[in-house]
Amino acid sequence: MFSPRAPAGTRRPPGGCYGSPRGPGGGFTVEGRRSVSAGGTGVLSPAWRSTLCSRSTPTRGAQYQTVAETLNYEIRSFGSSLPVKVMEAITLAEVDEPLSVKISENGWAWLVCGEKLIVWKIGQMSVSKLSVCKEFHLPPCDLPYVADLVALSHPNEHTSSQCVSVMAASRRGTICYWPSLTHEESCTEITVDFNSAEWKCLTSVTVGGFILASQKKQLLRLTPDGSGRVSFRPVQQGQGMLSGLGRRVSSLFGILTPTANEELTSVLWDEENECLYTLTNSSLDKWEVDETSERHVFSWDLNRSMKGDLGNYIWGADENYETDKSGFNVQYLDLQQSKEGLVVLMAAWSQGDSPCLIYYILGTVQDNGYRITDEIRMEVTEYHPLYQPDEEIPCQRFLIPDYSSQAAYLYTYDMVFAVSTGTGRAGLPQEKINLNMPGDGILGGGSFAGYPVLFCRNSGLVAARPKESVSMLPENIEDSLALSTSGAAAQGDVGPPFERTAAEPQEDKIKMLKTAFVMYCRKDIVGAQAMLGDIFPDNADLGSDSELDGAVAQISLDLINDYPACDPRWAESVPNDGNRFSNTSLLLLHQLEDKMKAHYCLMEFLRDMELLNRLETVLVRGFLTATRLLLCEHAEKLSAALVLKNYHTKLPDIVNAAINSALGKQKKSVPQNLTAADVFFREVSQIDTAFESLLEEEENILEDKTPVSLEWAEVAVNVNNILKDMLHAAVHHRHNKSSLYKSEEDAEREPEYIPWTAFSGPSGVRNVIVRQTDIVLNKVHPQVDSSLRNTLLDQLVVLLDFYLDGYVCQLKSVDRPSQQERYNNLDLEYTQKRSQLLAQLLSLKQHQLTASLAEKYCDFDILIQLCEQTDNQARLQHYLNQFADQNFSDFLFRWYMEKGKRGKLLCPPVAQHAQLAHFLQSHQHLSWLHEINIHNFDKVKSAFNTCLVLP
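Residues numbered from 1 in each chain as written. Predicted model: local features only at pLDDT ≥ 70, side-chain atom pairs only at ≥ 80, totals over all residues. Heavy atoms only, no water.

### Re the overall build of the protein
Scanning the protein from terminus to terminus reveals 26 helices and 33 strands. Intrachain contacts of the protein at a sequence separation of at least 6 include 60% that bridge at least 24 residues. Summed over its atoms, the accessible surface of the protein is roughly 40000 Å², and 49% of this surface lies on carbon and sulfur atoms. (Helix = DSSP H or I, 4+ residues; strand = E, 2+ residues; numbered from the N terminus. Contact = heavy atoms within 4.5 Å. Areas by Shrake-Rupley, 256 points an atom, 1.4 Å probe, with all protein chains shown as cover.)

Below you can see the structure in the form of structure tokens.
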């Protein structure tokens, strides 16, 4: 997978051409208007705009401005000012002169104005050092040139302009090729003769040359050589796909007659996988392309696969739709690519609707290499304008500027509509953004640096983006995540990315990572990516990401431990340091739920920015731990803290006593204007200290009170409830939210996982459960009546369940060949501890409670003892069947051997005779007895003779 970072690391597959006759995800073709002035990326002063109308020399100043805005989005000027040649060409264009623009993901833009082609380099910075701008002249043609039929070829995004080649084609098939951008006078011109169709778009293929596509899905491979000559041939394909070329060309290649009415709407080149996709009004096709050949992989029937579901999505609740499901139209308009798969822009309408609306839908499908998978995700956007079926479809293209994001932008000549692809975990706001300036209009665009960059007639280069003030966080914590402006100020403007002048210490990287997190929460995805690319570049040559692990772990810790600075009682107690989230910190003392929401936002940030897969290990409690599991631990402790907080209200005496004890051990003072609970619940990472303190308070009460008092027994019940409910909340989060922390990297490399609920240190939760078991069984259980005994034992079984579950998690983490010795030692420890605890329950004749745990954790020794104590052969037979695949029968036979119960060994149920015979192969001194028992006398003599010769 390649990095989505921008601008330098962007390797997202660039698009080729798009659906509309007006142009690609780039090129609208509009008639020139002499009276309308051209701007330069929104960086021109009003004075320049007035002088531009009189065609004076352009000014090269730069200032950012907002071109359009809504509640959640804005369109702002982007990058450096336009070259003079570009502004003059737009200004001097005749009324009937068509204009179209296209922008590539490598930062190249080109304007087609009549028979003039202008190519220039763009950048994010307000003052660009890349002042490359070249003008090329195109041969006369009776049909207008369009930006879709221009393509640039360059080995990589850092290629010098001298190595960039340019190809342009007319709709009639005249091909112009310039081997070097810097030598505009050196041009090769050829003509591809054809009859029935017009060429629609030209795509640069990075494995070599260009592919020219026509409206009728005819594809030509154009290959320049070192001398600048261009050869061409049809793309290898199925029959009928390349028909429609002129007689001379078709006779040369033996092309068949054209097939039905397929019309090309979009071409997409996937650079990463070296394949080409074409979208038509009925199919999606794929070719694998190498330097010399192409192979047609599949043709996917769009109507058969998508149309029915599409109608259900839009009109499924309409009873009229059920009577005529075929009475609607679908057009497949454009094709883009995201991390989730191929995204198709579709338009659907029903002429039976009054008024008739046209619905725009984004359908995401996945290519598994040789076919499209069955899963299709549909997102019906909120953009459904009025539509006259005989008119041209108003919106025919869209952009997914950030490969890893679900944000998409539909656009027409005069508006942009921000939508979501529907593949993320949370939807993005959908809004229509109209251009502010009268007479302004979008001439084309493309994706660059993670932005949808558009070229407007008056405003120049602009970029659509979410406003910073809109956050994915809950409203009540959005402000509390804002960082102070010192050091790592958020780079809010579309301008130069944050640059480090020297290697900052780790605390500065933590600040900047926090800043990127805040930018992400405010939907400034590109700004966040740019900052991340600077402080933690995704480069395998740089080795370990240990600094990233440390920074992420610290941010997560700071988040769950943050001070509620806006609570006035905390005003004098909040540390004045720059490492916290902000001066207006999280309002979370009595709102631990909001800390949890903020934690989930952090996980979204790490996953969407592709940081989660880069995380490795950090040191926790003296042991190396996978960083992703530490993040899960923080959420588990938040879950446990919420439970304890509820008990603080219900059982204030014992919880307050435990809190005071815990703070005393930590040597933490309580400011005069705060309570001990205020201080304790603020630092969520220390919530586990409450476990030991609760037991100490319980033991104090049990020693002070007499056993006959009701309060004496109730304290054990209450402590059990608190412990089991806190553990339940933590373990429930661990198991049910595991996908949130799952990494795509190989878990085999991760160290042993010791959950905080299974830590066996002196004050660890594992020891706390053992101590509580001893207190309940030896101190309390003998002193209370049968009803309370049952309550205590039920609670104890739950605690033991969590105890054993911790061992299981730990064992799973080392269950691999490289750690076999550690697994064996840990399994032996686990087996011994399990038997000791369950044997205590069995000694109390708590057969059902014992069986519930022994069955769950496969303690065969305890299960056999239970059956022996109760003389329950039916239960034993049930276990033989239930655990047959785990060799329970062999374990039972060995158990009988070790206990000297050979009579039971040799008299198993008939169903186990075969297993016993196999077991006795290594115990031949007994096998003859078994043969007698089953009346197999033919083998008795042989077995008996074997026994006689044994030493």
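### Quick word on the sheet that holds strand 23 (residues 358-367)
With antiparallel pairing, the four strands of this open sheet are ordered in space as 21-22-23-24. On the outer flanks of this sheet lie strand 21 (329-338) and strand 24 (372-380), each paired with one strand and no other. For this sheet, the mean angle separating the axes of adjacent strands, direction not counted, is 25°. Sheet topology note: the strand 23/strand 24 ladder contains six bridges and is antiparallel. Note on strand 24: the bridge partner recorded for D367 is I372. Across the sheet, helix 4 (residues 302-315) touches strand 21, strand 22 (341-349), strand 23 and strand 24, and the angle it forms with strand 24 is around 30°. (Pairing = 2+ DSSP bridges. Axes fitted to C-alpha atoms, helices over the stretch in contact; angles between N-to-C directions.)

### So, the sheet that holds strand 15 (residues 219-224)
Whenever strands of a sheet pair, they do so through backbone hydrogen bonds, lying parallel or antiparallel. Sheet architecture is open: four strands sit in the order 13-14-15-16, paired in antiparallel fashion. In this open sheet, the two strands that pair with only one neighbour each are strand 13 (199-204) and strand 16 (230-234). Within the sheet, the average angular offset between the axes of one strand and its neighbour, ignoring direction, is 25°. Of the strand pairs in this sheet, strand 15 and strand 16 are connected by five bridges, and their pairing is antiparallel. Each residue of the ladder has a partner; that of L220, found in strand 16, is P234.

### Points about the pairing of strand 31 (residues 460-466)
Counted residue by residue, strand 31 has seven buried out of seven residues, so it is predominantly covered. Taken together, the five bridges between strand 4 (residues 73-77) and strand 31 define a ladder with antiparallel strand orientation. When the sheet's bridge partners are listed, I75 is paired in strand 31 with A464. In this structure, the hairpin formed by strand 30 (residues 451-456) and strand 31 is closed by a connection of three residues. (Buried < 20%, exposed > 50% of the residue type's maximum accessible area, 1.4 Å probe, protein only.)

### Some details on helix 10 (residues 592-608)
With 17 residues, helix 10 extends 24 Å between its outermost C-alpha atoms, agreeing within 8% with the 24 Å of an ideal straight helix rising 1.5 Å per residue. Of all the 17 residues making up helix 10, twelve are buried; the element is thus mostly covered by neighbouring parts of the structure. Restricting attention to buried positions, one finds in helix 10 the residues L592, D594, K595, M596, A598, H599, C601, L602, M603, E604, F605 and L606. Of the residues one or two after helix 10, E610 is the one with positive phi, at around 55°. (Expected span 1.5 Å × (residues − 1).)

### Some points on the confidence of the model for the protein
Overall, the predicted model of the protein reaches an average pLDDT of 78, with 74% of residues at or above 70. In this model residues 483-504 is a low-confidence stretch, pLDDT under 50, and it forms 50 contacts with partners more than four residues away in sequence or in other chains. A low-confidence stretch, residues 578-590 stays under pLDDT 50, and its non-local contacts, those more than four residues away or across chains, total 63 contacts. (pLDDT = per-residue confidence, 0-100.)

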